[in-house]
Amino acid sequence: EKEPIRVLVTGAAGNIGYAISPMIARGMMLGQDQPMILHLLDIEPASKSLEAVKMELQDSAFPLLHGVFATTNIDEACKGVNIAIMIGGFARKEGMERRDVMSKNAVIFKAQASALERYASDDCKVLVVANPANTNALILKEFAPSIPEENITCLTRLDHNRAQARLAEKLSVPVSSVKNVIVWGNHSSTQYPDSNHATVSTKTGDQPVRELLVADQKWLKNEFSTEVQQRGAEILRARRQSSALSAASAACDHIHDWFLGTPKGSWVSMGVCSDGSYGIAPGLVYSFPVICEKGSWKIVQGLSIDEFSREKMDDSARELAEEKALAYSCLNV
Ligand code: NAX
């Protein structure tokens, strides 16, 4: 049997934490032959419900779950972890300024970066879910310089999955037959869901979505994007709580594909440190199409970018540069 992997989940007593813990323990993230030990972190006011999550996980008798460790101490939580899923953060309250939210999260992520730097395993891979996800990941990268930057990523897979699902619905095909949508940029309303390279597998081979929807070019350019961008808000209105099960599922997909590889011929979207690909400034954490193999990712190169896409991609990069400046000014760096 394989050695258990240690997985840290921060914000484990929250909405997404409650949904993702059983998914991980059931093997949906790391595969059915990979045991794990869960490290659950939350803050003191949530310590009772954190303890309850631990009890429920124990009571589920998941065969792959070799242990659950719940704590409100970040240093203890990070000890020896191989994977860190950073969901906990400061949520925006009504009437709050963007600057205040940014500043609170920058402080949290700076501290958590130091703890990971000191106590996590050398090969630790990090997924930031907490918003502002890209900028939190950037802060984490800055303040955990010993963690290789390719090991620090943020979640845009939920947006990617939403885009894939929306196209499948429009085309009345199974969601699994749609592949290679892209979400570029920030996990925010400036994200650019791009269907230009997406295909649908049919009996006669892969067909471009653009060709299947020739009569719907306007829909693809406008409504499709807006619906994907606004989906989170739509769920929030309907449930009076933000998306949790789909976010948890997307986070599992992200780690699953990163560790175990993307299927041949298809890519996924991940927020990663830009290396300058597609003219996106290096140093930003930006969502790109990536292919994963044996635990590493590579940005898909050589895709043609039309003028419309170029503008949208640059808009989102501009917003990320602004967020970066704001976060840095909050930390006085
Ligand atoms: P909840 O408010 O239900 O849970 C957050 C949990 O984090 C709480 O239990 C809280 O006590 C804990 N927490 C706060 N500060 C902490 C700290 N310093 N250390 C550890 N734990 C801390 O929010 P939930 O709905 O679970 O959402 C969590 C985060 O995911 C939010 O920031 C949210 O904006 C973000 N999302 C990101 C998505 C993405 O695609 N990247 C989609 C879903 C979600 O909106």
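As named in an unreviewed UniProt entry, the chain is Malate dehydrogenase, taken from Brassica campestris. Taken directly from UniProt, the Catalytic activity (unreviewed entry) text for the chain runs: "(S)-malate + NAD(+) = oxaloacetate + NADH + H(+)". Check the Sequence similarities (unreviewed entry) section of the UniProt entry for the chain; it says "Belongs to the LDH/MDH superfamily. MDH type 2 family."

Q: How should the overall build of the chain be read in this particular structure?
A: Looking only at helices and strands, the chain features eleven helices and 14 strands. In terms of C-alpha radius of gyration, the chain reaches 19 Å, essentially the compact-globule figure of 20 Å for 333 residues. Taking the principal axes of its C-alpha atoms as reference, the chain extends roughly 55 × 45 × 40 Å. Counting only residues that meet the buried cut, the chain has 45% of its 333 residues in that class. In the chain, the share of contacts with a sequence separation of at least 24, taken over all contacts with a separation of at least 6, comes to 72%.

Q: Would you explain helix α4 (residues 98–119) in this entry?
A: Because the α-helix completes a turn every 3.6 residues, residues three or four places apart line up on one side. Taking 1.5 Å per residue, 22 residues should reach 32 Å; α4 reaches 31 Å between its end C-alpha atoms and fits that length. Taken together, the buried positions of α4 are Met-102, Asn-105, Ala-106, Ile-108, Phe-109, Gln-112, Ala-113, Ala-115 and Leu-116. Against α3 (74–78), β4 (83–86), β5 (125–128), α5 (133–143) and α11 (307–330) lie the buried residues of α4.

Q: Please clarify how the sheet that holds strand β11 (residues 205–208) should be interpreted in this entry.
A: The strands that make up a sheet are held in pairs by hydrogen bonds between backbone atoms, and each pair lies either parallel or antiparallel. The strand order across the open sheet built from three strands is β7-β10-β11, with neighbouring strands paired in antiparallel fashion. Where the open sheet ends on each side, the last strands, each with one partner, are β7 (178–179) and β11. Strand direction decides the pairing type here: strand β10 (residues 199–202) and β11, joined by four bridges, are antiparallel. Its bridge partner being in β11, Thr-199 is matched across the sheet by Pro-208.

Q: Where do I start with the environment of Glu-117 in this structure?
A: Looking at where Glu-117 falls in the secondary structure, it is placed in helix α4. When the 16 C-beta atoms within 10 Å are taken as the criterion, Glu-117 is described as partly exposed. Glu-117 sits 15 residues away from Pro-132 along the chain, and the two C-alpha atoms are 21 Å apart. Beyond its immediate sequence surroundings of up to four residues, Glu-117 is in contact with Ala-144, Ser-146 and Ile-147.

Q: Please clarify how the pairing of strand β1 (residues 5–10) should be interpreted in this entry.
A: One face of the sheet, then the other: side chains in a regular strand alternate in exactly this way. Of all the six residues making up β1, six are buried; the element is thus mostly covered by neighbouring parts of the structure. On β1, burial covers both faces: Ile-5, Val-7 and Val-9 on one face and Arg-6, Leu-8 and Thr-10 on the other are all buried. As defined by bridge partners, β1 adjoins strand β2 (residues 36–41) across six bridges and the pair is classed as parallel. Residue Val-7 lies in a different strand from β2, and its bridge partner there is Leu-38.

Q: Just checking my understanding: could you explain the site of the ligand for this structure?
A: Around the ligand there are 28 residues in total, and Gly-11, Gly-14, Asn-15, Ile-16 and Gly-88 lie nearest to it. Counting residues per element, the shell around the ligand draws most heavily on helix α1 (residues 15–25), which supplies three residues. Tallied by class, the residues present in the shell around the ligand amount to 16 nonpolar, eleven polar and one charged.

Q: I keep staring at helix α10 (residues 245–260) and nothing clicks. Help me out?
A: Taking 1.5 Å per residue, 16 residues should reach 22 Å; α10 reaches 22 Å between its end C-alpha atoms and fits that length. Within the span of α10, buried status applies to Ala-247, Ala-248, Ala-250, Ala-251, Cys-252, His-254, Ile-255, Asp-257 and Trp-258. Where α10 ends, the next residue or the one after it, Gly-261, has phi of about 100 degrees, a positive value.

Q: Sorry, what's going on with the nonpolar core here?
A: Soluble globular proteins: nonpolar side chains tend toward being buried together. Counting 94 residues, the largest nonpolar core has Ile-85, Val-128, Val-129 and Ala-251 as its most contacted members. Ignoring anything within four residues of it in the chain, the contact list for Ile-85 reads Val-7, Leu-8, Val-9, Leu-127, Val-129 and Ala-251.

Criteria and thresholds
Think of each chain on its own: its residues are numbered from 1, step by step along the sequence as written. In keeping with the model being predicted, local features are shown solely for residues with a pLDDT of at least 70 and side-chain atom pairs are shown and tallied solely at 80 or more, while totals for entire chains, interfaces and linings include all residues. UniProt positions are given in the numbering used here, feature names are shortened, and annotations may be inferred rather than shown by experiment. In this description a helix means any DSSP run of H or I spanning at least four residues, a strand means any run of E spanning at least two, and both kinds are numbered starting from the N terminus. Both definitions apply: the radius of gyration is a C-alpha atom measure, and the globule rule equals 2.2 Å times residues to the power 0.38. Note on burial: count the other C-beta atoms lying within 10 Å of the residue's C-beta; 20 or more is buried, 12 or fewer is exposed, in between is partly exposed, and C-beta positions come from the backbone. Contact between two residues is assigned when their C-beta atoms, built from the backbone, lie within 7 Å. In this scheme, a helix's expected span is set at 1.5 Å multiplied by one less than its residue total. The pairing criterion for strands is at least two bridges between them, as found by DSSP. We call a residue near a molecule or strand if the C-beta atom, set from the backbone, is within 6 Å of it. Three categories are distinguished: nonpolar for Ala, Val, Leu, Ile, Met, Phe, Trp, Tyr, Cys and Pro, charged for Asp, Glu, Lys and Arg, and polar for the others, with Gly belonging to the last. Among buried residues, those of type Ala, Val, Leu, Ile, Met, Phe, Trp, Tyr and Cys that are joined through C-beta atoms within 7 Å form a set called a nonpolar core.

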